[in-house]
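Below are the chains, spelled out letter by letter.
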Amino acid sequence: MHKVHNFSAGPAILPQQAIDAGVEALKNFADTGLSILEVSHRSKEFVAVMEEARATVKKLWNLSDDYEVLYLQGGASTQFLTVAYNLLNTRASYVDTGTWSSKALKEAKRLGQVEVIASSKDRNYCYIPKGFEIPEDSDYLHITSNNTIFGSQYHAFPDTNVSMVCDMSSDIFSRDIDATKFDLIYAGAQKNLGPAGATLVVIKKEILGKVSREIPSMLDYNVHLSKDSMFNTPPAFPVYVVLQTLKWIDQQGIESIEKRNLEKAELLYKEIDNNELFKGTVDKEDRSFMNATFLLNDESLTDDFMNACKEANISGIKGHRSVGGFRASMYNALDLDSVKALVNVMQTFK
Ligand SMILES: *Cc1c(COP(=O)(O)O)cnc(C)c1O
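Note that the structure is predicted; figures quoted are calculated from it, not measured.

1. Remarks on the site of the ligand
Working step 1: Around the ligand, 13 residues are found, and the nearest of them are Ser77, Thr148, Asp167, Gln190 and Lys191.
Working step 2: Here an oxygen atom of the ligand and a backbone polar atom of Ala76 are 3.0 Å apart.
Working step 3: Contacts to the ligand include Thr148, whose side-chain N or O atom sits 2.4 Å from an oxygen atom.
Working step 4: Contact with the protein chains covers 87% of the free accessible surface of the ligand, which is 390 Å².
Working step 5: The leading source of residues in the shell around the ligand is helix 3 (residues 75–87), at 4 residues.
Working step 6: Residue composition of the shell around the ligand, grouped by class: 3 nonpolar, 8 polar and 2 charged.

Right, dumping it as C-alpha cells:
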C-alpha cells in the first residue's frame, strides 16, 4: 500500500508490484545471483525481458506485425526531433495544444516546413481544437493526446487519411483506444509506465525509409529496429520496470483500468465544480482524466490548502507555473482512495 497519496505529474506513481519486482531484480535478477544493474544486456535473461516488453505492448493494443516496438533513451523530448528526422520530407502538420506540442513542433522546424494547423494558445491552452482542416499532402499530423501541464485531453481523435503521430507520454494505456489509427506513438516512461530513462516508441514499419536525408544512427528508427532495440545499451532497469507495469495492466485489462480512471476523474471534477472555493481551468468537454488542473478562487488561501493536503499525506498537487493553482495527476496506479482523500480535504477546507 502507498502511504502517501502521490499526485505527482512525473516521475509519478507506479504499481506497487512493479516497484517490488524492480527491488527484487536489483538484488537478484532472474535467479542469476546478480543485480540487473550488473548483467550484460546481451545475456539471455535480459534479452528475454526486452522481447517480452516489446511483445506485451503489441498484445495490449492488438497490433499486427506491421508494427514494431522500441525502447529508446533521450525521453519524449528526443522523439520531437527523431520523428521529424525519419518522417518529414516536405511538410508536416502539427496541432499546438500546450507546452509539449509547442516543443515538438519547434524541433521539427529544424528539418522542414511545419504548419500549425490548429492551436488553443489563444485561451492559454484550456481546450482541444476541433474540426480543423488537415492538408492532404502533409507527411504526417502530430498531436499530443494528453496535455500534462494544461490538463486537457483528446476524447476523440482526428479522422484523417494523413499518417498520424501521437505523443502519448501522459495517458498511454489509460484507456481503450484503437492504436492502429496511429502510425507512430511515443511516450516517455515516467508518467504512466515506469522509471525515467526509457522511451517507448511504436511504429508502423511501412512509414519508414521515405525521407532522403541522412539520419544519424541513434536517431534512425530503422537502425534501432534492425537491432531489436539493442543497437546500443538499452536502459535495462527502466525497461525491466516498464515490463512489470505492462504485466500489471495486462492482468487487469485496459477496460477495467479505463473504468477506474473515469471514476477517479469524475469524483474529483465533481468536487471541483460543486465546491465554491475552487474552479477548473479547462473546458469541461476537454478535461483530462489524467491531469486535473484547478484553481482556488481566492488565491490567498493557497498556502493553507497546501498545508491541509500535506497533513492528509497528499503529495505532488502544486500546479505547473504556467497555469498556477493545482494539478492532481491521477495516473493508472493511483487508487480511488487517494482521490477520495483529496476530495475529503477539499470538503473539509470549505
Ligand atoms: C513529460 C512529457 C514530455 C517530456 O518528456 P521527457 O521524457 O522528459 O522528454 C513530452 N510530452 C508529454 C505529453 C509529456 O507529458
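Text resumes after the structure shown.
2. Some details on the sheet that holds strand 10 (residues 199–204)
Working step 1: Spatially, the 7 strands line up as an open sheet ordered 2-10-9-8-5-3-4, and their pairing is mixed. The open sheet has two free edges, formed respectively by strand 2 (67–72) and strand 4 (113–119), since each of these has just one partner strand. Neighbouring strand axes in the sheet, compared pairwise and without regard to direction, differ in orientation by 20 degrees on average.
Working step 2: Against the sheet, helix 2 (residues 44–60) makes contact with strand 2 and strand 10, and its axis sits at roughly 130 degrees relative to strand 2, the strand it touches most.

3. Structural notes on the domain arrangement of the protein chain
The parts lose accessible area when they come together, and the size of an interface is often stated as this lost area.
Working step 1: Partitioning the protein chain into structural domains gives domain 1 (16–251) and domain 2 (253–349).
Working step 2: Between domain 1 and domain 2, the C-alpha centre-to-centre distance is 27 Å.
Working step 3: Facing the 29 residues of domain 1 at the interface are 26 residues of domain 2.
Working step 4: Of the roughly 2200 Å² buried where domain 1 meets domain 2, counting both sides, 50% is carbon and sulfur surface.
Working step 5: If you look at where domain 1 meets domain 2, you find 3 salt bridges.
Working step 6: The partner of Glu285 in a salt bridge is Lys130, with the nearest N and O atoms 3.3 Å apart.
Working step 7: Counting across the domain 1 and domain 2 interface gives 19 residue pairs in polar contact (both at pLDDT 80 or more).
Working step 8: Of all elements in the fold, only strand 7 (152–153) and helix 6 (236–252) reach the threshold of two or more residues within the side of domain 1 that touches domain 2.
Working step 9: Of the residues contributing to the side of domain 1 that touches domain 2, the split by class is 11 nonpolar, 11 polar and 7 charged.

4. Some points on the pattern of salt bridges
Working step 1: With the rule as written, the count across this model stands at 18 salt bridges.
Working step 2: With its nearest N and O atoms 2.5 Å apart, the salt bridge here joins Asp250 to Lys59. Taken together, the positions of Asp250 in helix 6 and Lys59 in helix 2 put the pair 191 residues apart, joining distant regions of the chain.
Working step 3: A salt bridge links Glu115 to Arg91; the nearest nitrogen and oxygen atoms lie 2.5 Å apart. Of this pair, Glu115 sits in strand 4 while Arg91 sits in strand 3 (residues 91–96); the two residues are 24 residues apart in sequence, bridging distant segments of the chain.
Working step 4: The class of Arg91 is buried, set by a relative accessible area of 18%.
Working step 5: Residues joined in a network through salt bridges with shared partners are Arg54, Glu68 and Asp228.

Reading guide: rules and limits
- Residues numbered from 1 in each chain as written.
- Predicted model: local features only at pLDDT ≥ 70, side-chain atom pairs only at ≥ 80, totals over all residues.
- Heavy atoms only, no water.
- Near = heavy atom within 4 Å.
- Polar contact = N/O pair within 3.5 Å; in protein donor to acceptor, adjacent residues only side chain to side chain.
- Areas by Shrake-Rupley, 256 points an atom, 1.4 Å probe, with all protein chains shown as cover.
- Helix = DSSP H or I, 4+ residues; strand = E, 2+ residues; numbered from the N terminus.
- Nonpolar A, V, L, I, M, F, W, Y, C, P; charged D, E, K, R; others polar.
- Pairing = 2+ DSSP bridges.
- Axes fitted to C-alpha atoms, helices over the stretch in contact; angles between N-to-C directions.
- Contact = heavy atoms within 4.5 Å.
- Domains from an automatic or database assignment.
- Buried area = accessible area lost by both parts, 1.4 Å probe.
- Salt bridge = Lys/Arg side-chain N within 4 Å of Asp/Glu carboxyl O.
- Buried < 20%, exposed > 50% of the residue type's maximum accessible area, 1.4 Å probe, protein only.

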